[in-house]
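# Summary of structural features
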Amino acid sequence: ERQVEAQRSLPPGVTFQPDIGENHCRHPNDATPEDFVTRLAYAKAYSEKWNELQRHEEQQENEGVQDELRFQPRVGRGPLVERNSGRLPIGEV
């Protein structure tokens, strides 16, 4: 009965018909709507903690990379003679 109502509620010309598998008519896992909301809130809080942990780890990794990028070696002088003054390709010098 619900499936018939759902088919009638679609506007004419709808082409999208997702196939969500055999379990599309199964009953929800939660006993009450409150259980459903609690489960979603817990999942969101867990997900936010996980995302924060990932961001923290990325920041620590990026700090090391930025330190490497900022590294400027100290050099006293350039070469005494110009190397490859004829601008020859590598191997012909």
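The structure reproduced in this document is the subject of the present report. Just so it is clear, the model here is predicted, and its values are computed rather than measured.

## Focus on the overall build of the protein
Counting its secondary structure elements, the protein contains two helices and zero strands. In terms of overall dimensions, the protein is more spread out than a globule: its C-alpha atoms have a radius of gyration of 32 Å, far above the 12 Å expected for 93 residues. Its C-alpha atoms give the protein principal-axis dimensions of about 90 × 35 × 25 Å. Taking all 93 residues of the protein together, the buried fraction comes to 1%. Counting only carbon and sulfur atoms, one obtains 53% of the accessible surface of the protein, whose full area is about 9900 Å².

## Points about a nonpolar patch on the surface
On the surface, a cluster of nonpolar side chains totalling about 510 Å² of accessible area is made up of Tyr42, Tyr46, Trp50 and Leu53. On the secondary structure map, Trp50 appears in helix α2 (residues 33-70). Classification of Trp50 as partly exposed rests on a relative accessible area of 46%.

## Observations concerning the pattern of salt bridges
Inspection of every chain in the model, using the stated rule, returns four salt bridges. Between Glu48 and Lys44 there is a salt bridge; the shortest N-O distance is 3.9 Å. Taken together, the residues Glu48 and Lys44, both in helix α2 and four residues apart, mark about one turn of the helix. On the basis of relative accessible area, Lys44 is assigned to the exposed category, the value being 52%.

## Some points on the environment of Gly86
Within the secondary structure, Gly86 sits in the segment after α2. As a C-alpha pair, Gly86 and Asn23 span 63 residues in sequence and 75 Å in three-dimensional space.

Conventions used here
- Residues numbered from 1 in each chain as written.
- Predicted model: local features only at pLDDT ≥ 70, side-chain atom pairs only at ≥ 80, totals over all residues.
- Heavy atoms only, no water.
- Helix = DSSP H or I, 4+ residues; strand = E, 2+ residues; numbered from the N terminus.
- Rg over C-alpha atoms; globule rule 2.2 N^0.38 Å.
- Buried < 20%, exposed > 50% of the residue type's maximum accessible area, 1.4 Å probe, protein only.
- Areas by Shrake-Rupley, 256 points an atom, 1.4 Å probe, with all protein chains shown as cover.
- Patch = residues over 30% accessible without salt bridge, like charges linked within 9 Å, V, L, I, M, F, W, Y side chains within 5 Å.
- Salt bridge = Lys/Arg side-chain N within 4 Å of Asp/Glu carboxyl O.

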